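Listed below are the residues making up each chain.
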Amino acid sequence: DVSGEATDLIKLGDVLLRQSKLDEAEDSLNRAIKLHQQAQDVTGEASGLAMLGDIFLQRSKLDEAKDSLHRAMELHRQARDVPGEATDLGKLGDIFLRQSKLDEAENSLHRAMELHRKARDFPGEAADLGKLGEVFLRRSKLDEAESLLHRALQL
């Protein structure tokens, strides 16, 4: 069963990522992504790409992380996986924050927040609000930052 093998490879990639065995995790995820493509499992492929983005983030390969997360986001959107798309957007917001691209970060995080709200994912929405607070802190808009962080705490 190709789909089952691909799912197991993603789980293995997750374990290896948590153990900071990044090369092995990347190999496992790349194999999983190919198998998900063969099985035409869009959601599985998106999950593999999102996790691959996490590996690139840990390696500070921000352009590769962005590419992987953009592809994951498109596939999550195609599969109508709102929480998956929201999570991808939140991670993209993180990347933009690291690059001090505050407008892009704000846009990604607003979209992520809206999708998390739509999915009734309160922890995800709270995380997005916290990151948006950081955007406003960096812009020295302290009142807005405080307001966002209070909303995040309420969630």
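Residues numbered from 1 in each chain as written. Predicted model: local features only at pLDDT ≥ 70, side-chain atom pairs only at ≥ 80, totals over all residues. Heavy atoms only, no water.

K.L.:
Explain the packing of helix H3 (residues 42–58) against helix H4 (residues 62–78) here, please?
P.N.:
Two numbers describe how H3 lies on H4: the axes approach to 8 Å, and their chain directions differ by 160°. Taken as axis vectors, H3 and H4 run roughly antiparallel relative to one another. The way H3 lies across H4 gives a crossing that is left-handed. Within the contact between the two elements, H3 uses Val42, Glu45, Ala46, Ser47, Leu49, Ala50, Leu52, Gly53, Phe56 and Leu57 and H4 uses Leu62, Glu64, Ala65, Ser68, Leu69, Arg71, Ala72, Leu75, His76 and Gln78. Residues of the contact of H3 with H4, tallied by class, amount to 12 nonpolar, 5 polar and 3 charged. (Axes fitted to C-alpha atoms, helices over the stretch in contact; angles between N-to-C directions. Helix = DSSP H or I, 4+ residues; strand = E, 2+ residues; numbered from the N terminus. Parallel < 35°, antiparallel > 145°, perpendicular 65-115°, else oblique. Left-handed = near helix turned anticlockwise from the far one by under 90°. Contact = heavy atoms within 4.5 Å. Nonpolar A, V, L, I, M, F, W, Y, C, P; charged D, E, K, R; others polar.)

K.L.:
For this particular structure, what's the right way to read the domain arrangement of the protein?
P.N.:
Split into domains, the protein comes out as domain 1 (1–80) and domain 2 (82–154). For domain 1 and domain 2, the distance between their C-alpha centres works out to 23 Å. Every contact between the two is made by 15 residues of domain 1 and, on the other side, 13 residues of domain 2. Here domain 1 and domain 2 share an interface that buries about 1,300 Å² over both sides, 61% of which is from carbon and sulfur atoms. For the pair domain 1 and domain 2, the number of links is 2 salt bridges. Taking the shortest distance from any N to any O, the salt bridge between Arg77 and Glu85 comes out at 2.9 Å. Connecting domain 1 to domain 2 are 7 residue pairs in polar contact (both at pLDDT 80 or more). Those elements that place two or more of their residues in the side of domain 1 that touches domain 2 are H3 and H4. The element that contributes the greatest number of residues to the side of domain 1 that touches domain 2 is H4, accounting for 10 residues. In the side of domain 1 that touches domain 2, the residues fall into 7 nonpolar, 3 polar and 5 charged. (Domains from an automatic or database assignment. Buried area = accessible area lost by both parts, 1.4 Å probe. Salt bridge = Lys/Arg side-chain N within 4 Å of Asp/Glu carboxyl O. Polar contact = N/O pair within 3.5 Å; in protein donor to acceptor, adjacent residues only side chain to side chain.)

K.L.:
I'm lost on the environment of Ala46 in this one. Help?
P.N.:
With respect to the helices and strands, Ala46 occurs in helix H3. In this structure the C-alpha to C-alpha distance between Ala46 and Leu22, which are 24 residues apart in sequence, comes to 19 Å. The contacts of Ala46, once residues within four sequence positions are left out, are Ala72, Leu75 and His76.

K.L.:
What should I look at first to understand a nonpolar patch on the surface in this one?
P.N.:
There is a patch of nonpolar side chains on the surface, built from Leu137, Leu142 and Leu149 and spanning about 260 Å² of accessible area. Following the sequence through the fold, Leu149 ends up in helix H8 (residues 142–154). (Patch = residues over 30% accessible without salt bridge, like charges linked within 9 Å, V, L, I, M, F, W, Y side chains within 5 Å. Areas by Shrake-Rupley, 256 points an atom, 1.4 Å probe, with all protein chains shown as cover.)

K.L.:
Just to check I follow, could you spell out the pattern of salt bridges for this structure?
P.N.:
Where charged atoms from two side chains of opposite charge come close, those side chains can pair. If you walk through the whole model with that rule in mind, you get 12 salt bridges. For Arg18, the salt bridge goes to Asp14, with nearest N and O atoms at 3.1 Å. Residue Arg18 and its partner Asp14 are both found in helix H1 (residues 2–18); the two are separated by 4 residues, about one turn of the helix. Given a relative accessible area of 67%, Arg18 falls into the exposed group. Counted as one network, the salt bridges with shared partners bring together Asp23, Glu26 and Arg59. (Buried < 20%, exposed > 50% of the residue type's maximum accessible area, 1.4 Å probe, protein only.)

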